[in-house]
Amino acid sequence: MTITVRATYESGVLRPARPLALDEGETVDVTIAKAEPAPRSPSEEEAARRLQDAATLADWVEATKRLPPDDGGYDIVRALNENRLWSGDSPLIPGGGKRP
């Protein structure tokens, strides 16, 4: 198994940014490479401008890739499917967006 994970070096110890799928006491090989600085997130105004300026669907999708991550739990597929179900259409993705 090979994984890549960002880590921070603090007081002589590498601290991974997320939990690792390793057993306690497991021996691993570590390769160190300095990370590039994280790209700066666009401001809300800049993100909105990019979305409004999108001339094609491809431009809009590319603009959405630059938005900050959203872990708020909003499921766009479920929302689209629910809207379709409410209007009497069949869901885009069968099994997704079922009404409670």
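In short, a report on the structure.

Cut-offs and rules
Residues numbered from 1 in each chain as written. Predicted model: local features only at pLDDT ≥ 70, side-chain atom pairs only at ≥ 80, totals over all residues. Heavy atoms only, no water. Salt bridge = Lys/Arg side-chain N within 4 Å of Asp/Glu carboxyl O. Helix = DSSP H or I, 4+ residues; strand = E, 2+ residues; numbered from the N terminus. Buried < 20%, exposed > 50% of the residue type's maximum accessible area, 1.4 Å probe, protein only.

**A short note on the pattern of salt bridges**
Step number 1: Considering all chains together, one arrives at 4 salt bridges under this definition.
Step number 2: With its nearest N and O atoms 3.1 Å apart, the salt bridge here joins arginine 50 to glutamate 46. Here arginine 50 pairs with glutamate 46, and both are found in helix H1 (residues 44-53), just 4 residues apart, close to one helical turn.
Step number 3: Judged by relative accessible area, arginine 50 falls into the partly exposed class, the value being 24%.
Step number 4: When its relative accessible area of 24% is taken as the criterion, glutamate 46 is described as partly exposed.
Step number 5: For the salt bridge of aspartate 53 with arginine 49, the shortest nitrogen-to-oxygen distance reads 2.7 Å. Here the residue aspartate 53 and the residue arginine 49 both occupy positions in helix H1, the gap between them amounting to 4 residues, near one helical turn.
Step number 6: Given the relative accessible area of 49%, aspartate 53 is considered partly exposed.
Step number 7: For arginine 49, a relative accessible area of 40% translates into the label partly exposed.
Step number 8: Overlapping salt bridges bring together Glu46, Arg49, Arg50 and Asp53 as one network.

Keep in mind these numbers describe shape, not what the thing actually does.
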